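Analysis of the macromolecular model
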Amino acid sequence: MQTEKRHIAKNNRSITGINIQVLDIFFIVVTAIVFCFILVISNTVNNRFHAVENAIDKFIICEQSSELIKESSSFLTDQARLFVVTHKEAYVTSYLEEINETKRQQKALVELEKVCNEKDLALQRLKIALEQGQSLINMELYAIRLAYKVMNSDKIPNQIASIPIRSIDLNVSEEKLKETALNNLFGEGYLIYKTRINENCKLTIAAIEQQIKDELNMNADELGMNIRRLRYLFLILLIVNVILFIAFAYLVILPLEKFKNAIANDEKLNVIGSLECKHLAESYNEIYELKAQNEKSLLKKAEYDALTGILNRRAFDQICATSAEKKQQIALLLIDMDNFKYINDNFGHAGGDTALQELSRILTETFRTDDYVARIGGDEFAAILPHCTPNAASTIKQKILSVNEKLVNIKDNIKPVSVSVGVAFGEEGFSEELFKKADRALYIVKEKGKRGCEVYEENYAAEE
């Protein structure tokens, strides 16, 4: 058993092929690498989307801040103008509330600084707009102060009262003061500042739009490139999976299916497929051959006579049944060894065994290789000659004569040894009737004094 195992192991070591475990590891590594690239690119794509979101948020905040500054500036202008024209102090209250409490312009700047850095053109433009807005506020506050002087009111808000009146406006008439106040709010200088504020707000929007456009273009290009990369990677994954499926089917599934069919048909396995399948096939074939040898050995023990080495009675019966099924033309020979009791009595059982062995050897050498010679009893033998017709009767007799001549000089000088043979021909294989005919012919040989051969004839039946 150890020798057989070493022989199997030696054969397995000589097998070459694709190792499915190595192949699996390779595909796992390739898949893992591809997935890592997918994760990296996906993260880049995600970052780009966040960049686009941030750019859009930045644009919205910039737009809102610009609008807030313009709205605040317009509101202050309206409140200052209305007060100078109507002298209603409610407009001053609203004005001061805007610059001291609501502070929309300052809030807009704070919001913008959250999304822009100092180098951003949008932030720079908006700061210029705020500086210009502060100049407008100064002009508006001075106009409001002049309006209070025209009103001669004692209830001037502290913030307004703290604004000094220029010496040029101290000793002029109320009409002149009113004209100066209106000129501050409706004059060309005021309108220029107002226009510049609006222009800077527009430039802020334009600058941020261009910046966002550039970022969107850059991100769009990057996104497009990354999406193409993702497509290639997914295509690689698809190809890898298809190759893995084909390889697994070709190297494992198909060989196993063929192995299953071969095992079902009790055949050896073809050494195909992956290295593991080849090892499996080789190991199975080794076991198959050992099993076949064991079965052959057992079959030989079951079908061959242990003493003489020729077919035994069991095998002879099977051959007879087969010839009957095939309806073959056969010649049946019943062969008896003459004087067997005498040989045993004078030469012992060893001598009897030798005589049987020698007779078996001579019969095997005399008849054809496709003829069947069997020992069916102690000193009884039989032979079936397939495809043999009555025309071969003389040939058979000549063969039996030759057998008897050879038996004269067998080893150990055992004497006398001879055979008596009865022959019958059958047209449709073996039958009990054919056996009786051959036995009848044998009986006649015995009656004639043994050591001879007789072929059954129909007139033998009448003699019975």
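Just above sits the structure.
Nothing here was measured: the structure is a model prediction, and the numbers come from that model.

Thresholds, definitions, all that
Residues numbered from 1 in each chain as written. Predicted model: local features only at pLDDT ≥ 70, side-chain atom pairs only at ≥ 80, totals over all residues. Heavy atoms only, no water. 1 Å grid on protein atoms, 1.4 Å probe; cavity = no way out; pocket = protein on both sides within 12 Å on 5 of 7 lines; lining within 4 Å. Points joined across faces, edges and corners; volume = space filled by probe spheres on them. Helix = DSSP H or I, 4+ residues; strand = E, 2+ residues; numbered from the N terminus. Nonpolar A, V, L, I, M, F, W, Y, C, P; charged D, E, K, R; others polar. Core = buried A, V, L, I, M, F, W, Y, C linked by side-chain atoms within 4.5 Å. Buried < 20%, exposed > 50% of the residue type's maximum accessible area, 1.4 Å probe, protein only. Pairing = 2+ DSSP bridges. Axes fitted to C-alpha atoms, helices over the stretch in contact; angles between N-to-C directions. Parallel < 35°, antiparallel > 145°, perpendicular 65-115°, else oblique. Left-handed = near helix turned anticlockwise from the far one by under 90°. Contact = heavy atoms within 4.5 Å. Salt bridge = Lys/Arg side-chain N within 4 Å of Asp/Glu carboxyl O.

A short note on empty space enclosed by the protein
Unfilled space is identified by rolling a water-sized probe across the atoms. Under the criterion given, the structure shown has 1 cavity of 30 Å³ or more. The computed volume of the largest cavity comes to approximately 30 Å³. Elements supplying a minimum of two residues to the lining of the largest cavity: helix 5 (121-151) and helix 7 (174-186). The class makeup of the residues in the lining of the largest cavity is 6 nonpolar, 1 polar and 1 charged.

So, the nonpolar core
In this structure, Val92, Tyr95, Leu96, Ile99, Leu141, Ile144 and Ile160 are the most contacted members of the largest nonpolar core, which totals 44 residues. Looking at this core, the elements with two or more residues in it are helix 2 (20-86), helix 3 (89-102), helix 4 (104-115), helix 5, helix 7 and helix 8 (188-264). Ranked by the residues each element gives to this core, the list is headed by helix 5, at 16 residues. Membership of the second largest hydrophobic core comes to 33 residues, among which are Ile335, Met337, Leu356 and Val423.

Focus: the pairing of strand 1 (residues 330-338)
Most of strand 1 is tucked away: 9 of the 9 residues are buried. Residues of strand 1 alternate between two faces, with Ile330, Leu332, Leu334, Asp336 and Asp338 on one and Ala331, Leu333, Ile335 and Met337 on the opposite face, all of them buried. In this sheet, strand 3 (residues 380-386) lies alongside strand 1 in antiparallel orientation, the contact comprising 7 bridges. The residue bridging Leu334 from the neighbouring strand is Ala382, located in strand 3.

Observations concerning the packing of helix 2 against helix 3
At a minimum axis distance of 8 Å, the contact between helix 2 and helix 3 shows a crossing angle of 155 degrees. What the angle tells us is that helix 2 and helix 3 run roughly antiparallel. Taken as a pair, helix 2 and helix 3 cross one another with a handedness that is left-handed. For the pair helix 2 and helix 3, contact is made by Ser72, Phe75, Leu76, Gln79, Ala80, Leu82, Phe83 and Thr86 and by Glu89, Tyr91, Val92, Ser94, Tyr95, Glu98 and Ile99, respectively. Within the contact of helix 2 with helix 3, the residues separate by chemical class into 9 nonpolar, 4 polar and 2 charged.

Some thoughts on unusual backbone geometry
In this structure, the amide linkage connecting Lys415 to the following residue, Pro416, adopts the cis form with an omega of -15 degrees. By the element assignment, Pro416 lies in the loop between helix 12 (393-407) and strand 4 (418-426). Its identity is not glycine, yet Lys103 carries a phi of approximately 50 degrees, on the positive side. Inspection of the secondary structure assignment puts Lys103 in the loop between helix 3 and helix 4. In this structure Lys103 comes out as partly exposed when scored by relative accessible area, which is 37%.

Considerations on the pattern of salt bridges
Overall, the coordinates contain 15 salt bridges when judged by the stated rule. Asp336 is the salt-bridge partner of Lys446, the closest N and O atoms lying 3.8 Å from each other. In this pair, Lys446 sits in helix 13 (residues 432-447) while Asp336 sits in strand 1, placing the two residues 110 residues apart along the sequence. Exposure remark for Lys446: the relative accessible area of 27% places this residue in the partly exposed category. Owing to a relative accessible area of 15%, Asp336 belongs among the buried residues under this scheme. With a closest N to O distance of 3.3 Å, Lys446 and Asp338 form a salt bridge. Of this pair, Lys446 sits in helix 13 while Asp338 sits in strand 1, placing them 108 residues apart in sequence.

Details of the sheet that holds strand 2 (residues 372-375)
One open sheet holds the 5 strands; their spatial order is 2-3-1-4-5, and the pairing between them is mixed. Two strands in the sheet have a free side with no partner beyond their single neighbour: strand 2 and strand 5 (452-455). Within this sheet the neighbouring strands show an average axis-to-axis angle of 15 degrees, counted without direction. Strands in contact with helix 10 (residues 313-326) are strand 1, strand 2 and strand 3; relative to strand 3, the strand with the most contacts, it is inclined by about 30 degrees.

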